[in-house]
Structures are given as structure tokens and as C-alpha cells.
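Structure at a glance
Chain by chain, the residues run as shown.
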Amino acid sequence: MLTVKDLQATVGDKAILKGLSLDVPAGQVHAIMGPNGAGKSTLSYVLTGREGYAVTGGSATLEGENLLALAADERAARGVFLSFQYPLEIPGVPALTFIRTAMNAQRKARGEAEITAPEFLKLARQKASELKIDFDMLKRALNVGFSGGEKKRMEIFQMAMLSPRFMILDETDSGLDIDALRIVADGVNALRSPDRGMLVITHYQRLLDYIKPDRVHVLAGGRIVASGGPELALELEREGYERYEKAA
Amino acid sequence: MSVAAAINTRDASALPGKRDEDWRWTDLRGLIRAIPDPSEPFAGDVGRGPFDGLAEDRRVLVNGGETRIDVAAGQKAVVALRVLARGAGSHATMVAVTLGPNARVRLLESYESDGGSVSQTTLSITLADGAVLERVVLAQDHEHAVSVSQAEVRLAPRADYAQTVAASGARRQRLETRVTHPGGHAVLRLDGVYLLAGKRHSDQTTVVTHQNIDGTTAQLTKGVVRDQARGVFQGRIVVAEGADRTDARMGHHALILSDRAEVDAKPELEIYADDVSCAHGNTVGALDEDALFYARQRGMPAGVATAMLTEAFIGEVIDRISFEGARDVVRAWAAERLGG
Ligand SMILES: Nc1ncnc2c1ncn2[C@@H]1O[C@H](COP(=O)(O)OP(=O)(O)OP(=O)(O)O)[C@@H](O)[C@H]1O
Ligand SMILES: [Mg+2]
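Conventions we followed
- Residues numbered from 1 in each chain as written.
- Chains lettered and ligands numbered in written order.
- Predicted model: local features only at pLDDT ≥ 70, side-chain atom pairs only at ≥ 80, totals over all residues.
- Heavy atoms only, no water.
- Helix = DSSP H or I, 4+ residues; strand = E, 2+ residues; numbered from the N terminus.
- Rg over C-alpha atoms; globule rule 2.2 N^0.38 Å.
- Buried < 20%, exposed > 50% of the residue type's maximum accessible area, 1.4 Å probe, protein only.
- Contact = heavy atoms within 4.5 Å.
- Areas by Shrake-Rupley, 256 points an atom, 1.4 Å probe, with all protein chains shown as cover.
- Lys, Arg positive; Asp, Glu negative; His and termini not counted.
- Charge placed at Lys NZ, Arg CZ, Asp CG, Glu CD.
- Salt bridge = Lys/Arg side-chain N within 4 Å of Asp/Glu carboxyl O.
- Nonpolar A, V, L, I, M, F, W, Y, C, P; charged D, E, K, R; others polar.
- Pairing = 2+ DSSP bridges.
- Arc of directions from axis to C-beta.
- Donors = N, O, S within 2.8 Å, 3.2 Å for Na, K, Ca; no water.
- Axes fitted to C-alpha atoms, helices over the stretch in contact; angles between N-to-C directions.
- Parallel < 35°, antiparallel > 145°, perpendicular 65-115°, else oblique.
- Left-handed = near helix turned anticlockwise from the far one by under 90°.
- Expected span 1.5 Å × (residues − 1).
- Polar contact = N/O pair within 3.5 Å; in protein donor to acceptor, adjacent residues only side chain to side chain.
- Core = buried A, V, L, I, M, F, W, Y, C linked by side-chain atoms within 4.5 Å.
- pLDDT = per-residue confidence, 0-100.
- Near = heavy atom within 4 Å.

1. Focus on the overall build of chain B
Helix and strand content of chain B: 5 helices and 17 strands. Whereas a compact globule of 340 residues would reach a radius of gyration of roughly 20 Å, chain B reaches 20 Å, a difference of no more than 12%. Overall size of chain B, expressed as C-alpha extent along the three principal axes, is 55 × 50 × 45 Å. Every one of the 340 residues in chain B was classed for burial, and the buried ones make up 57%. Long-range contacts, defined as pairs at least 24 residues apart, comprise 82% of the intrachain contacts of chain B with a sequence gap of at least 6. Accessible surface computed for chain B: about 13,300 Å², of which carbon and sulfur atoms make up 45%. Measuring between centres, the 39 positive side-chain charges of chain B sit 3 Å from its 46 negative side-chain charges.

Laid out in C-alpha cells, this is it:
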């Protein structure tokens, strides 16, 4: 599904990704762990097409299609979704308006008809209740004045609404209380399917108890320096990154 | 010298220009070599105005003329006032608006030109004790027009005056409001929106003079400029000696969407009283790149994302229009200009 080969990227003049390779087959969830500043968020921005992140080598494809040649919104229309480490506040735009505008833009790009207002509201009510989000919150300006945990929950709500094919979750667990973590994990698990893939960036093994990964990778110094099964996350939790940072 | 006098005497040298402090960013004298011939009387069809559906009292002034709007004590009225320029001549227009005590009026004003005219409108607006006026101005001038509107507003104690000027610019466009504020629990709201594209220019200038204690002024102007357009905001609030307990806030915020667009802003507070609460804020900048990326990551193309974010930015001002019908007209006007 997602194939990243020898990816190199700079921010400003600083090289951050230095030959990163990764393969997430359809149907699988891969976790990425790694020390602060290793380049995890950078990888998520490079894959989603943020300006200012220049690819200087390597490739990234989704189902064989070159992602790097597409604009950010075109990647989104192909089904790439990023749950942001730091979700943005959008003053003056109610959450529902924002999501409906996004959904219809994606549909238009795919040559599909717009969703009708009643269909959209029905879907929104259903997903909000699954994620235990107060529906009135969706009428407020997106993320403005929301708590850290509420913002993360709103990311997963957007993900559930847009139903993407490939999901990147960048520290979605940070800021969530214990109950919210379970609710969010349920929401994420509901999107697992044989034709979808997921990259879960986290610092804590705890999230991986709820969202069980098929593979765990260690990202250090802009590269994947180790990969293994779910047991690798337990080992990292015990022993930290020291030996991998040396390897990087 | 006044613009009206220059037009009436057809003396271009009498136009204000960059040497006049108030006009330095709207230099009519440097622009206009000769005042065009007087506009011909116009008898043709003028179509519908933007606010026609909302008002029972409709006034249309084409190529000059005068009108008086008098609303007696305690009476209510909704008035649509269309100030039209047809052709490329020059003319001046006079409007007098008088509200008796506790009268309640909605004045829905539009400027509509269709060519390279040079026109000026003088409005004299007087509110008696307790009168309430909401003035909504939609300035939809032609790209070749030079259009100046100058309102002189006098408030009595306990009056409530609210204004929103929505402007899309012209070759030169100036919308000026001067308010004499008596304090005495009179309430003033002076808002503006400018959405400029191409080579259009729009200038919103306001001067508020608080003359006595217990006055309130709230002012919010927002603009979006693109291409090679130029927005001008000059806001001055003067709090005279003795006008204590004045509460005045002024905000001006503009988004510049292209390298060649320009915004010139001069917010000023001149305070001669002691016990006042006054603040002003002024920001001019680009659209937030992070917010733009967030919207694009969710699937919105750049144009759709920009339209959504700029409409939300401007929406804060439009939401302050209390007359729903007029608010909808202005919102549709903005959506049409910002649409992706
Ligand atoms: N705009 C930028 N300009 C310069 N350096 C940057 C910029 N953005 C990121 N970096 C640097 O790139 C490196 C990788 O940052 P990144 O955010 O990808 O780390 P991360 O692995 O996500 O860390 P964390 O676990 O703290 O979220 C860091 O050293 C960071 O300081
Ligand atoms: Mg990060």
C-alpha cells in the first residue's frame, strides 16, 4: 500500500530525513516510535505534502501512485489523512462546515456527487455519538478554545467522517485522558480494514495496547533503524532509545 | 478644499491630494488632471438595487441630485438609498437624514457606478435623543470610477448609531465618516469591510470626536486585498478634555493575498481626558500558512481553502450587522468576491 524508499528531505537547509524506507501493506497497522526530534512529524508532513519540506531524494508511493508529485489536497482526495500532532484552530469556521467543505472537495476531486445536507448531518450525528462528542461542539469554530484532548478527539472525528484509505496518526494519544484514549482507539480500530493502512506515531506503548500494530519501527536520526513485532514497543518502553541513537 | 467644491466649480486644482495629511494615500489631485464634464441627466432604466427587497421607502439618485430622509419622533423606517453614476461625467449628490427622538431607522445605501465618472456624495445625518440608526453601505463602484462619499454624523445623548461599510474599490474610492459623539450614553459602532482585487483602491476614513462623558465607540474594519489592489484605513478617535468614562475600541485587520497588493493603515487615538478606556489593534499580514495546510490536508484545493478562511475572517464584521436581511446581502456580496 504505502511504500517509502530511501526518502530524504530537508527543512530549510537542514537534512531531517536521511534515507528512510518503510513498507506498510494494505490491511496493516505500523507503529513508529523514536526520540524527540528524530523526524517523525517531518515524515508525516512530507507524506502529506506540506510546503517548506523539500524532498531531496527517494520515493513515496500509495498503491503504486507517486504521492510526491501530488498537491496536498490531491493526496487527501486519494485517501491520505493526517491526524495532526498539533491540530490547528480555525476561527470563524464551525467544525461541521469545515468537514463538509473538505468532504465535498474530496468528492468533487474524485468525480463523485456532493453529500446532501441531511445525509451529512446523519453521518455526523452517528460518528459524534460513537466518539462521545457533544454534537453542539461541532457547531463551534473548529478547535477554537478546545482542550488538548478535545482537539485530538476532533481529529479522529474528522477521520471517521472522511473515511480515508491511509491514515497517519501523529501522537494522537498525547493529551488524551484514559477514557478518551479508549474511545479514540475504538474509533481508529473501527477504520481498520483489509484495504486500509495506518501509520501510528507514538511515544507510549500504552496506545499500542489498544491499537495493536502489526509492525513497530524505530525512527532515529532520520532513518528507520530497527523494525520488529509488537514486542519491540515493550522493549523500547523498558530500555529507551539509547542504543538506537548510537546506531543512527 | 472639498471634493464637492472642486466638482461643482470644475477646478481640479481644488481637489485634495497627497499634501493634505488626510488624503496622502488617496491622492485625487495627482490623479485627476481635469474634472470631466458634468454628468448628463439620466432617464433610463436603472434596474434593481441590492437592498430593494428589504425597504418600503426607496430613493434613487442618478448623476447627482438631493434627497431628504426625515423620520419623526418615535417612527420607524427602512430606507434603501441608491446613489448611481451613469456614464463618465462628474457630479455631486446631497443627502440629509434626520431622526427625531426615539425614531428607529435602517438606512441601506448603495453606490453603483458604471464607468469613469467622478462623483461625490455628502451625507448629513442627525440623530436626536434616543434615536437608533443602522446604516449599511454597499459600495459597488466601477473599476474606472472615482467615487467619494462623505458623511457627517451628529449624535444626541442616548442615540445608537451603527454602521457597516462594505467596499469593493474603484479607480479611487473613498468612504469617509465623521462623527460628533456627545457621550451621554450614546453608542456608536463603526465597522468596515473591503475586498479588493485587480488594480482597485478603497479608502475607509473615520474620525470620531468624543465631546463629553460616558460615550462608547466600537470600531472593527477588516480587509482582504489581492492582485495589485490597495486598501487604505485611517481611523481616528479623539477624546476631548473632560470626556471622561469614554470607552473606545478600534480594530483594523487586513489580509494581503499577493506580493503586489498593499494596505496602508493609520489607527490613531488622541486622548485629552483622564479616566478613559481606549484600545486599538492593527494587523496586516498574509493568510495563516498552517491553517491553509490543515484545510488542504483535509482535501480542499488552495482556492477553496483560501475562500473558506477569508470568508471566516471577514465574517466577524458581517455578523455584527443586526438587520438580518442586510447581513445576508453583505454576506452574499462577500462570498461572491471571495469564492474559490
Ligand atoms: N521548520 C523547521 N525549521 C527548522 N528545523 C525544523 C523545522 N521543523 C522541524 N525541524 C527540526 O527537524 C527535526 C525533526 O523534527 P520533527 O518534528 O519531525 O521531530 P519528531 O520526531 O516529530 O519529534 P517529537 O517526538 O518531539 O514530536 C527537529 O530537530 C526539529 O527541530
Ligand atoms: Mg512530532
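2. Overview of the pattern of salt bridges
Residue and element names in this part refer to chain B. The full count for this structure, using the stated rule, is 39 salt bridges over all chains. A salt bridge links Asp203 to Arg174; the shortest N-O distance between them is 2.8 Å. Pair noted here: Asp203 is in strand β12 (residues 201-210) and Arg174 is in strand β10 (residues 172-181), with a separation of 29 residues, a long-range link. As a salt-bridge pair, Asp247 and Arg249 come within 3.1 Å of each other at their nearest N and O atoms. A relative accessible area of 37% places Arg249 in the partly exposed class. Overlapping salt bridges bring together Asp22, Arg174, Glu176, Arg178, Asp203, Arg236, Glu268 and Glu270 as one network.

3. Thoughts on the interface of chain A and chain B
If you look at the interface, chain A gives 29 residues, while chain B gives 17 residues. Here Arg298 of chain B and Glu155 of chain A are joined by a salt bridge, their closest N and O atoms 2.7 Å apart. Elements supplying a minimum of two residues to the side of chain A that touches chain B: α1 (40-48), α2 (72-77), β6 (80-83), α3 (95-109) and α5 (148-162) of chain A. A total of 5 residues in the side of chain A that touches chain B trace back to one element, the largest contributor, which is α3 of chain A. For the side of chain A that touches chain B, a count of residues per class yields 18 nonpolar, 7 polar and 4 charged.

4. Observations regarding the sheet that holds strand β5 (residues 65-66) of chain A
All names here are of chain A. One open sheet holds the 4 strands; their spatial order is β2-β1-β4-β5, and the pairing between them is antiparallel. Lying at the two open borders of the sheet, with one neighbouring strand each, are β2 (14-24) and β5. Inspection of the sheet shows strand β4 (residues 53-62) paired to β5 by 2 bridges, in the antiparallel sense. Its bridge partner being in β5, Leu62 is matched across the sheet by Glu65.

5. Notes on helix α8 (residues 231-239) of chain A
When α8 of chain A is considered as a whole, its buried residues turn out to be Leu232, Ala233, Glu235 and Leu236 of chain A. What you see down the axis of α8 of chain A is that its buried residues fit within an arc of 160 degrees, all on one side.

6. Structural notes on the coordination of the magnesium ion (ligand 2)
Tetrahedral coordination by four donors sets the ideal angle at the metal to 109.5 degrees; octahedral coordination by six donors sets it to 90 or 180 degrees. Residue and element names in this part refer to chain A. Protein-derived coordination of the magnesium ion (ligand 2) comes from Ser41 (OG) and Gln85 (OE1), at a distance range of 2.0 to 2.2 Å. A residue pair is termed long-range when its members are at least 10 positions apart, and Ser41 in helix α1 and Gln85 in the loop between β6 and α3 qualify at 44 residues. Note on accessibility: Ser41 and Gln85 belong to one class, buried.

7. Things to note about the environment of Arg106 of chain B
All names here are of chain B. Within the element layout of this structure, Arg106 appears in strand β5 (residues 104-113). Sequence-wise, Arg106 and Glu134 are 28 residues apart; in three dimensions their C-alpha atoms are separated by 4.9 Å. Not counting chain neighbours up to four residues away, the residues in contact with Arg106 comprise Ala77, Val78, Val79, Glu134 and Phe323.

8. Some remarks on the sheet that holds strand β14 (residues 230-239) of chain B
Residues and elements named next belong to chain B. Pairing is parallel across the open sheet formed by 8 strands, whose spatial order is β2-β4-β6-β8-β10-β12-β14-β16. The strands lining the two open edges of the sheet, one partner per strand, are β2 (65-71) and β16 (262-271). With strand direction ignored, the average angle separating the axes of adjacent strands in the sheet is 5 degrees. Relative to β12, β10 runs parallel, the two sharing 8 bridges. Paired with Arg178 across the strands is Val207, a residue of β12.

9. Some thoughts on the packing of helix α3 (residues 289-297) of chain B against helix α4 (residues 302-318) of chain B
Residues and elements named next belong to chain B. It is the contact of α3 with α4, at a shortest axis distance of 9 Å, that shows an interaxial angle of 125 degrees. Taken together, the axis directions place α3 and α4 in an arrangement best described as oblique. Viewed along their axes, α3 and α4 form a crossing whose handedness is right-handed. Two secondary-structure elements touch here, α3 through Ala291, Leu292, Ala295 and Arg296 and α4 through Ala302, Ala305, Thr306, Met308 and Leu309. Residues belonging to the contact of α3 with α4 are distributed by class as follows: 7 nonpolar, 1 polar and 1 charged.

10. Quick notes on helix α6 (residues 178-190) of chain A
Residues and elements named next belong to chain A. With 13 residues, α6 ought to run about 18 Å at 1.5 Å a step, and its terminal C-alpha atoms sit 19 Å apart, in line with that. For α6, every residue scored as buried is listed here: Ala180, Leu181, Ile183, Val184, Ala185, Gly187 and Val188. At its buried positions, α6 is contacted by α4 (117-130), α5, β7 (166-170), β8 (197-201) and α7 (205-210). For α6, the side-chain oxygen to backbone nitrogen distance between the N-cap and Asp179 is 3.0 Å, and the N-cap itself is Asp177.

11. Describing the nonpolar core
In a soluble, globular protein the nonpolar side chains are often hidden away together inside. Among the nonpolar cores identified, the biggest contains 119 residues, and Leu43, Phe98, Phe157 and Leu199 of chain A are the most heavily contacted of them. Setting aside anything within four residues of it in sequence, one finds Leu43 of chain A in contact with Leu7, Leu17, Leu20, Leu22, Ile32, Leu199 and Leu219 of chain A. Formed by 40 residues, the second largest nonpolar core is a distinct cluster that contains Leu61, Leu123, Ile237 and Val239 of chain B.

12. Brief notes about the confidence of the model for chain B
Overall, the prediction assigns chain B a mean pLDDT of 97, with 99% of residues at 70 or greater. Here the prediction assigns the complex a pTM of 0.92, and the interface score ipTM is 0.96.

13. Some remarks on the pairing of strand β8 (residues 146-155) of chain B
A regular strand carries its side chains on alternate faces of the sheet. Residue and element names in this part refer to chain B. Counted residue by residue, β8 has 8 buried out of 10 residues, so it is predominantly covered. Sheet analysis places strand β6 (residues 118-127) next to β8, joined by 10 bridges and oriented parallel. Paired with Thr121 across the strands is Ser149, a residue of β8. Bridge analysis of β8 against β10 gives 9 bridges, and the strand direction is parallel. Along β10, the bridge assignment pairs Val148 with Arg174.

14. Looking at the site of ligand 1
All names here are of chain A. The environment of ligand 1 is formed by 15 residues, the closest being Gly37, Lys40, Ser41, Thr42 and His203. His203 is positioned such that a nitrogen or oxygen atom in its side chain is 2.8 Å from an oxygen atom of ligand 1. Computed on the free molecule, ligand 1 has an accessible area of 640 Å², of which 63% lies beneath the protein chains in the complex. Counting residues per element, the ones that place at least two in the shell around ligand 1 are β2 and α1. For the shell around ligand 1, the element with the most residues is α1, which contributes 3 residues. Its residues assigned to classes, the shell around ligand 1 comprises 5 nonpolar, 7 polar and 3 charged.

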